[in-house]
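Descriptive analysis of the structure
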Amino acid sequence: MSETSDFRQLHDSVLDELGRDIVSGAIPSGTRISADDVAVRFTVSRTVVREVVRVLESLGLLTVRRRVGITVLGSENWNSLDPVVIRWQLAGPARAEQLLLLSELRSGIEPLAAKLAAHRATPEQCGALTAAVIGMSSTSRAADSEAYLEHDSNFHRTLLAASGNPMLRSMSDIVVEVLAGRTRHALMSRQADPEAIRLHGVVASSIQSGDADAAQRAMLAIVTKSAASMSAASGVTPSPGLVPDQQ
C-alpha cells in the first residue's frame, strides 16, 4: 500500500469518527480541541490532524482561530446539506427526526423535479426511469438490500437530472443519502411496499407521456409514504404536510 493511500485511509477514519462525535453531541458545542490530543487519540501525525480539521472547518463543525485554537461549533453553523454531514446525523441519536426533516426537504424538491421532467426529460432518461422501476420490482422481496437501493437511487438521480435544472440535479446526493440511510439503519422493511413501486411506475410513465401534474402528484405521494413508513418504524410523528391523504 502506498504512502498516499495510507494517509487517505487514516484521514478518512479520523474524519469519520471525529465528525460523528461532534454531530452526535459526544463532543459538545463550545469544546476546545487540541490538535496534539487528537493526534494521540488516533495515533496519527499532525499532518493528518491538520487536514481533518481543515475539512471539518469547511463543513462548519469547527472554527480555528489564532491564540484560541480549535473550537467545536453548534449545529446552526453546520453545512446541513452536505451529504457527509447528513450521513453523520443519520448515524446519531436523532436519526429519526433527521430523516423526517429530510423528507420535508424532498417534498419540495422531487415533486417539482417530476413536473419539470415531464417537459424536459430525454428519451434516454425516460428509459432509465423505467429501467430503475423494473429493477426495483425485481428486487422488491429484498428491499433492504444494496441491489434494491441501487435501483431506487438510480431512479431518483435520474429524476432530478431529468428536471433539466442543474440546482435540482445537485440535490441528488442528498436524496440518495436519505435512501441509503433508511437501508443502512434498518428502516426499510424486507419487502417493498407494492404501492410505492406502483407510484414510481406512475412517475416514470407520466414523465414519458408528458403529464406533468400526474408526475408531480405521484412523486409527492412517494415522499409522503416514505415519511409515513419511517415514522411508523421510529415512532416519530411526521409533520402535518407529510401525513398521507386518507381520502
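Residues numbered from 1 in each chain as written. Predicted model: local features only at pLDDT ≥ 70, side-chain atom pairs only at ≥ 80, totals over all residues. Heavy atoms only, no water.

**Digging into the side chain of S206**
Tracing the chain through its elements places S206 in helix α10 (residues 194-209). With near-sequence residues (within four places) excluded, S206 lies in contact with A118, D211, A214 and A215. (Helix = DSSP H or I, 4+ residues; strand = E, 2+ residues; numbered from the N terminus. Contact = heavy atoms within 4.5 Å.)

**Section: the nonpolar core**
With 42 residues, the main nonpolar core has Y148, F155, L159, V203, I207 and M219 as its most contacted residues. Looking at this core, the elements with two or more residues in it are α4 (83-90), α5 (95-120), α6 (123-138), α7 (146-162), α9 (172-184), α10 and α11 (212-234). A per-element tally of this core places α5 first, with seven residues. Contact partners of Y148, with chain neighbours within four places excluded, come to M136, T139, S140, A142, A143, M188, A192 and I197. Counting residues in each nonpolar core, the second largest holds 25 residues, with I33, V38, V49 and V85 among its members. (Core = buried A, V, L, I, M, F, W, Y, C linked by side-chain atoms within 4.5 Å. Buried < 20%, exposed > 50% of the residue type's maximum accessible area, 1.4 Å probe, protein only.)

**Details of the pairing of strand β3 (residues 69-72)**
Side-chain positions along a regular strand alternate between the two faces of the sheet. Where strand β1 (residues 32-33) and β3 come together, two bridges link them in antiparallel fashion. From the neighbouring strand, I33 faces β3, where its bridge partner is I70. Sheet topology places strand β2 (residues 62-65) next to β3; four bridges connect them, and they run antiparallel. Following the sheet pairing, L62 is matched in β3 by V72. The hairpin formed by β2 and β3 contains three residues between the paired strands, and R67 there has a positive phi angle of roughly 65°. (Pairing = 2+ DSSP bridges.)

**Things to note about the confidence of the model for the protein chain**
Averaged over every residue, the pLDDT of the protein chain is 91; the share at 70 or more is 93%. Confidence, expressed as mean pLDDT per element, reaches its minimum in the protein chain at α11 with 88 and its maximum at α6 with 98. (pLDDT = per-residue confidence, 0-100.)

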